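# Remarks on the overall topology
Take a look at the letters that make up each chain.
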Amino acid sequence: QVQLVESGGGLVQPGGSLRLSCRASGINGVTFSYYAMAWYRRAPGKERDLVAGIGIYGNTKYADSVKGRFTISRDNEKNTAYLQMNSLKPEDTAVYYCNRVDEDAKTVYGWGQGTQVTVSS
């Protein structure tokens, strides 16, 4: 059974940086390399939104609100996807989740615990 575990969140001041990790267990690296992955976030009182996605060839896309500040990447040997977040703003405060996405950009698995990111001075 595939399990995705997010980590790396925390409290950071505006303008700071964090790197989130999403590790997939229950599969090998070859299988993970065939997964398109994405990061989502849910801010208090809001819907869960797509933040960034990465395809099997390393192609990426970003929400307009994070373009130029966030970078999604992957390490197939470690079964891990990353989200490097720079120039963080208070409005980036949310619980961040990762998931595999299919060819229709729909999530494949249930949601994990996520990792809390709080941007505050």
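The rules behind the values
Residues numbered from 1 in each chain as written. Predicted model: local features only at pLDDT ≥ 70, side-chain atom pairs only at ≥ 80, totals over all residues. Heavy atoms only, no water. Helix = DSSP H or I, 4+ residues; strand = E, 2+ residues; numbered from the N terminus. Rg over C-alpha atoms; globule rule 2.2 N^0.38 Å. Buried < 20%, exposed > 50% of the residue type's maximum accessible area, 1.4 Å probe, protein only. Contact = heavy atoms within 4.5 Å. Polar contact = N/O pair within 3.5 Å; in protein donor to acceptor, adjacent residues only side chain to side chain. Disulfide = S-S within 2.5 Å.

### Here's the deal with the overall build of the protein
Check the secondary structure of the protein and you find one helix and ten strands. Going from the N terminus to the C terminus, the protein shows its helices and strands as β-β-β-α-β-β-β-β-β-β-β. Against the 2.2 N^0.38 benchmark of 14 Å for 121 residues, the protein shows a C-alpha radius of gyration of 14 Å, consistent with a compact globule. When each of the 121 residues of the protein is scored for burial, the buried share is 41%.

### Observations concerning the environment of Tyr109
Here Tyr109 is to be found in the loop between strand E9 (94–101) and strand E10 (115–119). Along the primary structure Tyr109 and Gln3 are separated by 106 residues, whereas in three dimensions their C-alpha atoms are 8.5 Å apart. Setting aside residues up to four positions removed in sequence, Tyr109 forms contacts with Val2, Leu4, Tyr35, Asn99 and Arg100. A distance of 3.3 Å separates the side chain of Tyr109 from the side chain of Arg100, its partner in a polar contact.

### Details of the state of the cysteines
Per the stated rule, a full pass over the model turns up one disulfide. Here Cys22 is linked by a disulfide to Cys98, with a sulfur-sulfur distance of 2.0 Å. Of note, the bridge from Cys22 to Cys98 carries an S-S torsion of about 70 degrees and is right-handed in sense. Here Cys22 is found in strand E3 (residues 18–25), whereas its partner Cys98 is found in strand E9, with 76 residues between them in sequence. Both residues of the pair, Cys22 and Cys98, belong to the buried class.

Read these as layout, nothing more, since geometry by itself doesn't imply function.
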